[in-house]
Amino acid sequence: MAAYRRRISKRKQITLKIKRKLALTFSVIVLALVGIMIRLVYINRVSGDQYTMKVLAQQDTNSITLPYKRGDIYDRNGTVLATSEKVYNLILDPGVLWEYHSDDATKDCVEPTLQALVNYFGQDRAELDRIMQENADSHYVVLEKQLTKDEVEEFETAMEDSANRIEGVWLEEDYIRRYPYDTLACNVIGYTVSGNVGQYGIEQEYSETLNGENGRSYNYLNEDLEQEKSVRAATDGNSVVSTIDITLQQIVENAIAEFQEKYTDAYREGDGSKTAAAIMMDPNTGEILAMASNRVYDLNNPYDVVINGLYTEEEAENLTEEERLNALNELWRNFCVSDTYEPGSTAKPITIAAALETGAVHDGDTFLCDGNQTVGSHTIWCSKRVGHGIIDLQGSLMFSCNDALMQIAAKVGEEDFSKYQNMFNLGLRTGIDLPGEARTDSLLYYSEDTAPSENLVMGSTDLATNSFGQNYNVTMIQMAAAFSACINGGYYYQPHVVKRILDSNGGTVQNIEPVVLREPVSSKTSSLICQYLYNTMYGETDANGNNATGKAARIAGYAMGGKTGTAEKIPRDKTNYLVSFIGFAPAENPEVVLYVVVDEPNAEKQSSSSFAMEIWKNIMEEALPYLNIYPTEEIPEDMVDEVEAAQEEEAAEETPAEEEEEETPEDGTLVDPQTGETVQMPDPESVDEEDDSVLGDTPVNQNLVDVQPEIATEEDPDADPTE
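Predicted model only: the values in this text are computed from it and were never measured.

1. Digging into the state of the cysteines
Applying the stated rule across the entire model yields 0 disulfides. Left unpaired, Cys-382 is separated from the closest cysteine sulfur, that of Cys-369, by 3.8 Å. Judged by its relative accessible area of 0%, Cys-382 is buried.

Here you go:
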């Protein structure tokens, strides 16, 4: 009996131990589960989205990028200059297509799908079979790119019909940049490369504005193993309305092209000039209406050296990559903003304006031009080596007298001359909204207290040559903007090529308002400059036989103003010149400024500004009626023959006006009105009037030697010296 009780007691002890162990095990399991649940809650809260995406990516999913549409570029009247056209990439998904493979020909999808690709897109069947075998696990094989809507429309219809059993193929949407006018305004518009990255022009400057944000479409299995789709729509980019007028742009480009063709091989083998360029702008807003040069390329094929006329196909095959890129970079560069040069006499209105504003001279002041000035032991010549005689302040512009300009600049002095160059933004970037604007801060002289380095301190000889636009460099856009400030009442507007930003629905996001950066001169001074420049084109021959230098640019019935320019190029070997003409219309309340530059015209005598005036006149004859600026003046007598000849579609020949010569004292002397000294005038027979050199042995600003143009794609925004 005792033994039985011991056995019962022992069994109870064993059962108790088992219960305790089970309780402990259960508690551990419960605690572990609680811990796991806490951890899962934590992970879900902190990293739930991250893990959800990983899980979805591992499921039977199809994630598609929905591309945005890059914004359009319009001209000022709404004409499309650049747009993004929807295209389609043909994608094969072998992994999915194999899932629909069946030995039963009535159910198999592989054969009908591959045959459809052959029928609708002309795909090579053997190549498709190879892709299916070698890429059996792939879900993304690009068969064709950039198909148009017309090219895929029939296939899309076939895909929708289930009886055709087309599976594992889809059309990926994309966009391709198109330029409807090919080469038109190429320097202003620019182009794009892969990834919607803008290169040059508005495409580069406003690339972030034009770009949008891609969307995405997700096909995934939900927790009930049902397929669902999640779509985040793409955000299209904003569009840009430029200040360019496509009609004016065409007029400008046609005039440049005609000039280049006319003078091709005229004196030397090659183009009509090294460079011919023009800027047309509204002087009252800073808006650029047209900007062009003879560097023209197809925006739809910017990298093709054959299409763009740089080389023949045979020549292109032998080019190194470096040679090809160097040629293309030269072609793509916008001369109007990226190249610098000495402006010549088109800078004289700025000198006269500064002199009037400082009180150094006054309207009606007179000067004696005896053909040259000796400054700092250097003889600097006037364009008329026998001298203009006694001329007034207006005459210094009318007859483009270097001698008078040097005297005027000497009265202004280095400090004020440099100050007004700065006020007209010379030496500073204009801040135009185009990439690649050249720096000129190291390409002109300064007064002693403002010079950034000792070699840029302006001396008396530098002041003399700078007075008529030599020995310092500018860009075309600098000169156009500075000249506009001379004739628009004295307001310096920041030049710009974009006037409005639109959203993808056409609503206005931002208006680009005109910005007045400074007021360099008064309205009174500006009015005098306009008067002087009007007479530079329409003034009568004076008593000394001096003729207004801008007559060749006149257009019958119009009142306009303008200034010629001739600049000797470095080296000063009397060989190469850059000529120009800048003018405005109408003479009162100017509405348009046009600046034309011709670098090294293809002619034996390059120094004549008539080459630039020819382009200027051809442009303005078409542009003025389009701008609703009409003739208001009587036709000058010496233009009657020209007008009649034009009406008969014949070549115009200007009839020279009769000249009245002032009686010069028998001893050939004149009294200098500025000094009171009696000056011996040069003997015409002893002067070589064919010699176009005016700078003589004056020292060259060494900073102007071998100046390299700005490269738009390498611009350093931190080094921008614009104030």
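2. Points about helix α11 (residues 321-332)
Given a rise of 1.5 Å per residue, 12 residues ought to cover 16 Å, and the 16 Å separating the end C-alpha atoms of α11 matches this to within 8%. Packed against the buried residues of α11 are α6 (186-189) and β6 (191-193).

3. What about the side chain of Asp-433?
Structurally, Asp-433 can be placed in the loop between α15 (402-423) and α16 (460-466). Among buried charged residues, Asp-433 stands out as having no salt bridge; its nearest opposite-charge side chain is Arg-76, 11 Å away. Polar side-chain contacts of Asp-433 include one of 3.3 Å to the backbone nitrogen of Val-498. Aside from chain neighbours lying at most four places away, what touches Asp-433 is Glu-205, Tyr-206, Pro-495, His-496, Val-497 and Val-498.

4. Some details on the sheet that holds strand β11 (residues 273-281)
Each strand in a sheet pairs with another by means of backbone hydrogen bonds, the pair being arranged parallel or else antiparallel. In spatial order, the strands read β12-β11-β23-β22-β21; together these 5 strands make up an open sheet with antiparallel pairing. The open sheet has two edge strands with one neighbour each: β12 (288-293) and β21 (561-568). Neighbouring strand axes in the sheet, compared pairwise and without regard to direction, differ in orientation by 10° on average. Pairing between β11 and strand β23 (residues 592-601): 8 bridges, direction antiparallel. Residue pairing in the sheet places Ile-279 in a bridge with Tyr-595 of β23. The sheet contacts of helix α19 (residues 610-626) involve β11, β21, β22 (577-585) and β23, and relative to β23 the element is tilted by about 150°.

Calculation rules
Residues numbered from 1 in each chain as written. Predicted model: local features only at pLDDT ≥ 70, side-chain atom pairs only at ≥ 80, totals over all residues. Heavy atoms only, no water. Disulfide = S-S within 2.5 Å. Buried < 20%, exposed > 50% of the residue type's maximum accessible area, 1.4 Å probe, protein only. Helix = DSSP H or I, 4+ residues; strand = E, 2+ residues; numbered from the N terminus. Expected span 1.5 Å × (residues − 1). Contact = heavy atoms within 4.5 Å. Lys, Arg positive; Asp, Glu negative; His and termini not counted. Salt bridge = Lys/Arg side-chain N within 4 Å of Asp/Glu carboxyl O. Polar contact = N/O pair within 3.5 Å; in protein donor to acceptor, adjacent residues only side chain to side chain. Pairing = 2+ DSSP bridges. Axes fitted to C-alpha atoms, helices over the stretch in contact; angles between N-to-C directions.

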